[in-house]
Amino acid sequence: MSTSKDFSKGLPTQHNVLDGSKLRVLIVHARWNEKIVGALVNGAIEALVERHQVPHDHITIETVPGSYELPFAARRLLDVSTRSGAPRAITATQYGYDAVITIGVLIKGETQHFEYISEAVTHGLTRVGLDTGVPVIFGVLTCLSDEQALARAGLTEKGHNHGLDWGSAAVEMALLGQANVMPHTG
Ligand SMILES: Nc1c(NC[C@H](O)[C@H](O)[C@H](O)CO)[nH]c(=O)[nH]c1=O
Ligand SMILES: CC(=O)[C@@H](O)COP(=O)(O)O
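A short tour of the structure in this document, coming up. (Residues numbered from 1 in each chain as written. Chains lettered and ligands numbered in written order. Predicted model: local features only at pLDDT ≥ 70, side-chain atom pairs only at ≥ 80, totals over all residues. Heavy atoms only, no water.)

## Thoughts on the overall build of the chain
Our working rule: What counts as a helix is a DSSP run of H or I of at least four residues, what counts as a strand is a run of E of at least two, and both are numbered from the N terminus. The cut-offs for exposure are 20% and 50% of the maximum accessible area for each residue type, with area from a 1.4 Å probe on protein chains only; residues under the lower value are buried, those over the upper are exposed, and the others partly exposed. Contact criterion: two residues are considered in contact whenever any of their non-hydrogen atoms come within 4.5 Å of each other. For the area figures, the Shrake-Rupley method with a 1.4 Å probe applies, and any residue is considered shielded solely by the protein chains shown.
Counting secondary structure elements, the chain contains 5 helices and 4 strands. Listing each helix as α and each strand as β along the chain from the N terminus yields β-α-β-α-β-α-β-α-α. Out of the 186 residues in the chain, the part that is buried amounts to 44%. In the chain, of all internal contacts separated by at least 6 residues, the share reaching a separation of at least 24 is 78%. Total accessible area computed for the chain in this model is approximately 10500 Å², and 53% of it derives from carbon and sulfur atoms.

This is the structure in C-alpha cells:
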C-alpha cells in the first residue's frame, strides 16, 4: 500500500523510451487562462522533444479562443492537414498528424457554464478521435479553483505539470499498434 510519502502523481516513466522521432504532432490550445495553459503547453513540448525525440519542426501549434472551440478546431485542422501538402505522417490515416494534443483550462465560476462546456468538450474531443482514427489527447483541466489549476500545471511547490503526461500519452497513442515499439512492461 502506498503512502502519501511515496505516492507520485503522473504517468510512470517506463514508456519514456518510446521513439517519437518520426511523428508529427498537432497541439491546439485555448487562450483562456493564458499563464496556466502556457505552462501546460510547455510541459507537453518538453515531453515530446526531450523524452521522445520529436523534432521541433514536427510540432505544429495552433490556438483557439476558449476550450469550447477545441473539438471543432482539432477536426478542422486535421481535415485541412490532408489538403495542405504537408509531409505525410507515419500512421496510416489520411491526415497529416499522428496525434493531436488539445489543451485548455476550465475553472468553475458562478453559473453552470463550466458544467456545460466541460461536458461538450469532453464528448467533442472523444468524437474527433474516434471519427478520424487520430489519437486526440484530452489536455483539458476542469478545476474548481485557481489553485487546483495552478498545481496541475506545475506552478505550485507540490504541483505536477500534466502537460508532460499529455506529451508522452500522445507519443504512446500515436505508436499504438505499430510493431516493436512498445517496451516490455512485464
Ligand atoms: N470560462 C472559460 C472559457 N470560456 C470560453 C468558452 O470556452 C468559449 O470560448 C466561448 O463560450 C465561445 O464559444 N474557456 C476556457 O477555456 N476556460 C474557461 O474557464
Ligand atoms: C468555465 C466557465 O465557464 C466559467 O469560468 C464561467 O464563469 P461564470 O459561471 O461565473 O460565468
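From this point on, the discussion continues.
## Re helix H2 (residues 70-81)
Put simply, the rule is: One less than the residue count of a helix, multiplied by 1.5 Å, gives the span that helix is expected to have. This arc is built from the directions going out from the helix axis to the C-beta atoms.
With 12 residues, H2 ought to run about 16 Å at 1.5 Å a step, and its terminal C-alpha atoms sit 16 Å apart, in line with that. Here H2 has its buried residues at Leu-70, Pro-71, Ala-73, Ala-74, Leu-77, Leu-78 and Ser-81. The buried side chains of H2 occupy one side of the element, clustering within an arc of 165° when seen end-on. Close packing links the buried residues of H2 with strand S1 (25-30), strand S2 (59-64), strand S3 (99-107), helix H3 (113-132) and strand S4 (136-143).

## So, the site of ligand 2
This is how the line gets drawn: Note on definitions. A residue lies near a molecule or strand when any single heavy atom of the residue is within 4 Å of it. Whenever two N or O atoms come within 3.5 Å, that pair is a polar contact, provided that in protein one can donate a hydrogen and the other can accept it, and provided that, for residues adjacent in sequence, both atoms are side-chain atoms.
Leu-106, Ile-107, Gly-109, Glu-110, Thr-111, His-113 and Phe-114 make up every residue found near ligand 2. Within the backbone of Ile-107, one N or O atom sits 2.9 Å away from an oxygen atom of ligand 2. In this structure, Phe-114 approaches ligand 2 through a main-chain N or O atom, which is 3.4 Å from an oxygen atom. Considering ligand 2 on its own, with 330 Å² of exposed area, one finds that the protein chains cover 74% of that surface. For the shell around ligand 2, the secondary-structure elements that each account for two or more residues are S3 and H3.

## Here we look at the site of ligand 1
Short version of the rule: Under the scheme applied here, ten amino acids are nonpolar (Ala, Val, Leu, Ile, Met, Phe, Trp, Tyr, Cys and Pro), four are charged (Asp, Glu, Lys and Arg), and all others, including Gly, are polar.
In the vicinity of ligand 1, the contacting residues are Trp-32, Asn-33, Gly-66, Ser-67, Tyr-68, Glu-69, Val-105, Leu-106, Ile-107 and Ile-117. Separating an oxygen atom of ligand 1 from a side-chain N or O atom of Asn-33 is a distance of 3.5 Å. Between an oxygen atom of ligand 1 and a side-chain N or O atom of Glu-69, the distance comes to 2.5 Å. Looking at the shell around ligand 1 element by element, the count peaks at 3 residues for S3. Of the residues assigned to the shell around ligand 1, the class counts are 6 nonpolar, 3 polar and 1 charged.

## Quick word on the pairing of S3
Selection rule: Pairing between two strands is assigned when DSSP locates at least 2 bridges connecting them. With strands facing away from the observer, any crossover in which the path from the first strand over the helix to the second runs clockwise is taken as right-handed.
Of all 9 residues making up S3, 8 are buried, and the element is well covered by its neighbours. One ladder, built from 5 bridges, connects S1 with S3; its direction is parallel. Bridging from a neighbouring strand, Val-28 pairs with Thr-102 of S3. Looking at chain direction, S3 and S4 are connected through 8 bridges and run parallel. Directly across from Val-100, in S4, lies its bridge partner Val-136. As a crossover connection, the stretch from S3 through H3 into S4 is right-handed.

## Some remarks on the pattern of salt bridges
Selection rule: The salt bridge definition used is simple: a Lys or Arg side-chain nitrogen within 4 Å of an Asp or Glu carboxyl oxygen.
Summed over the entire model, instances satisfying the criterion amount to 3 salt bridges. With a shortest N-O distance of 3.2 Å, Lys-108 and Glu-115 are connected by a salt bridge. By relative accessible area, Lys-108 is classed as partly exposed at 28%. Close ionic contact of Arg-127 with Asp-131 constitutes a salt bridge, the shortest N to O distance being 3.5 Å. Residue Arg-127 and its partner Asp-131 are located together in helix H3, separated by 4 residues, close to a single helical turn.

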